[in-house]
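Tertiary structure, described
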Amino acid sequence: MPIMKKYFVERMKLLSECELLDLYAIAQTAPGAIAVNSSVLVGYRIAGKTGALISSLGTILPPFIAISVIAQFYSGFVANVYISKLLAGMAVGVAAVMLEFLFNMLKIIWREKSFFLLSVVLLSFLAVEFFNVNVALVLILSAFVCFFKSVFDLRRGGMNDTSA
């Protein structure tokens, strides 16, 4: 997500930050890998069906090729101390990218003064971290709550009120 934001929002200015966040939220609710789902949605948004096809291939092929190569030489990779340290370092990098995404998402929520979304994030964190609620259940419940809030806001006369 941060890479997509830097490229499509900041560098190319093809999407707004909120638009990319919306596409990413949709990608999270769809079955499948979030990276593939979000790249397909962004590709479709920018270049239609051709963009969706090219972006999905560009997202799927590199890891597929890398995993195929690793599978061929698996026993050598597992025994290699340097590869083990490299993978441990990559885990730290993934955690950093996830934290950056979280802070960017919270910054947008705070800027829009959406106390509803802030409470959904906080309650989701509390449910998972302190009450050991399954993450999938939290995601599904959060999606339903946000969906019904959106329907309620639309029926009430628009989605301008983000503070409720």
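Up top is the structure.
Every chain begins its residue count from 1, and numbering advances along the sequence as written. pLDDT decides what is reported in this predicted model: residues at 70 or higher carry local features, side-chain atom pairs at 80 or more are listed and counted, and totals for whole chains, interfaces and linings draw on all residues regardless. Values reported for side chains reflect all heavy atoms of the structure, with hydrogen atoms and water molecules removed beforehand.

This paragraph deals with the nonpolar core. Think of a nonpolar core as a cluster: buried Ala, Val, Leu, Ile, Met, Phe, Trp, Tyr and Cys residues, connected wherever their side-chain atoms sit within 4.5 Å. Relative accessible area decides the class of each residue, using a 1.4 Å probe on protein chains only: under 20% of the type maximum gives buried, over 50% gives exposed, and in between gives partly exposed. Met-1, Met-4, Phe-8, Val-9, Leu-15, Leu-20, Leu-21, Leu-23, Tyr-24, Val-42, Phe-101 and Ile-108 form the largest nonpolar core, which has twelve residues in total. Of all elements in the fold, only α1 (2-11), α2 (17-29) and α5 (81-111) reach the threshold of two or more residues within this core. Only DSSP runs of H or I reaching four residues or more are called helices, and only runs of E reaching two or more are called strands; each is numbered from the N terminus. When residues in this core are grouped by element, the largest group, four residues, is from α2. Not counting residues within four places of it along the chain, the set of residues in contact with Ile-108 comprises Glu-17, Cys-18 and Leu-21. Contact between two residues is taken to exist if any of their heavy atoms lie within 4.5 Å; hydrogens are not considered.

Glancing now at a nonpolar patch on the surface. On the surface, Leu-53, Leu-57, Ile-60, Leu-61, Phe-64, Ile-65, Val-69 and Phe-73 cluster together into a nonpolar patch covering about 780 Å² of accessible area. For Ile-65, a relative accessible area of 51% gives the class exposed. Each patch is built from residues that are more than 30% exposed by relative accessible area and take part in no salt bridge. Like charges join if they lie within 9 Å; nonpolar side chains (Val, Leu, Ile, Met, Phe, Trp, Tyr) join within 5 Å. With residues, only the protein chains shown are counted as cover, and all accessible areas are computed by Shrake-Rupley using a 1.4 Å probe. Any carboxyl oxygen of Asp or Glu that lies within 4 Å of a side-chain nitrogen of Lys or Arg is treated as forming a salt bridge with it.

What follows concerns the packing of aromatic side chains. Stacked, tilted and edge-to-face are the three classes assigned to paired rings of Phe, Tyr and Trp, where Trp is represented by its six-membered ring and a pair needs centres within 6.5 Å; plane angles under 30 degrees give stacked, over 60 edge-to-face, the rest tilted. Under the criterion given, the structure shown has five aromatic pairs. With 6.1 Å between their ring centres and 90° between their planes, Phe-125 and Phe-130 make a pair best called edge-to-face. Exposure remark for Phe-125: the relative accessible area of 47% places this residue in the partly exposed category. Judged by relative accessible area, Phe-130 falls into the exposed class, the value being 54%. Among the aromatic residues, those joined into a cluster by ring pairs are Phe-144, Phe-147 and Phe-148. The side chain of Lys-149 reaches across the aromatic face of Phe-116, ending 5.1 Å from its centre. The criterion is that NZ of a Lys, or CZ of an Arg, lies within 6 Å of the ring centre and within 35 degrees of the ring normal, and then a charge sits over that ring.

The next point concerns the packing of α2 against α5. Relative to each other, α2 and α5 sit at 120°, their axes nearing to 12 Å. As summarised for this structure, α2 and α5 are arranged oblique, according to the angle between their axes. In this structure, α2 crosses over α5, and the sense of that crossing is left-handed. Within the contact between the two elements, α2 uses Glu-17, Cys-18, Leu-21 and Tyr-24 and α5 uses Phe-101, Met-105, Ile-108 and Arg-111. Residues that form the contact of α2 with α5 fall into these classes: six nonpolar, no polar and two charged. In this analysis, axes come from line fits to C-alpha atoms, helices being fitted only over the stretch in contact, and the angle between any two N-to-C directions falls in the range 0 to 180 degrees. With respect to orientation, any angle under 35 degrees is reported as roughly parallel, any angle over 145 as roughly antiparallel, any angle of 65 to 115 as roughly perpendicular, and every other angle as oblique. Note on convention: the crossing is left-handed when the near helix lies turned anticlockwise from the far helix by less than a right angle, right-handed when the turn is clockwise. Amino acid classes used here: Ala, Val, Leu, Ile, Met, Phe, Trp, Tyr, Cys and Pro are nonpolar; Asp, Glu, Lys and Arg are charged; the rest, including Gly, are polar.

To continue, consider the environment of Pro-31. In this structure, Pro-31 sits in the loop between α2 and α3 (34-72). Distance in space between the C-alpha atoms of Pro-31 and Ser-124 is 20 Å, their sequence separation being 93 residues.

This part is about α2. A helix is expected to span 1.5 Å multiplied by its residue count minus one. For α2, spanning 13 residues, the distance from its first C-alpha to its last is 19 Å, which sits close to the expected 18 Å at 1.5 Å a residue. Buried within α2 we find Leu-20, Leu-21, Leu-23, Tyr-24 and Ala-27. Each buried residue of α2 lies within a common arc of 160° when the element is viewed along its axis, so the set occupies one face. Buried residues belonging to α2 abut α1, α3 and α5. As used here, the arc is the angular range of directions from the helix axis to the C-beta atoms.

Relative to the elements of secondary structure, Ser-142 occurs in helix α7 (residues 135-156). A relative accessible area of 17% means that Ser-142 is categorised as buried.

Tallied over the full model, the rule gives seven salt bridges. The partner of Lys-149 in a salt bridge is Asp-153, and the shortest N-O contact between them spans 2.6 Å. You can see Lys-149 and its partner Asp-153 sitting in helix α7, four residues apart, about one turn around the helix. Take Lys-149 and Asp-153: they sit in the same class, and that class is buried. Between Arg-156 and Asp-153 there is a salt bridge whose closest N-O contact spans 3.7 Å.

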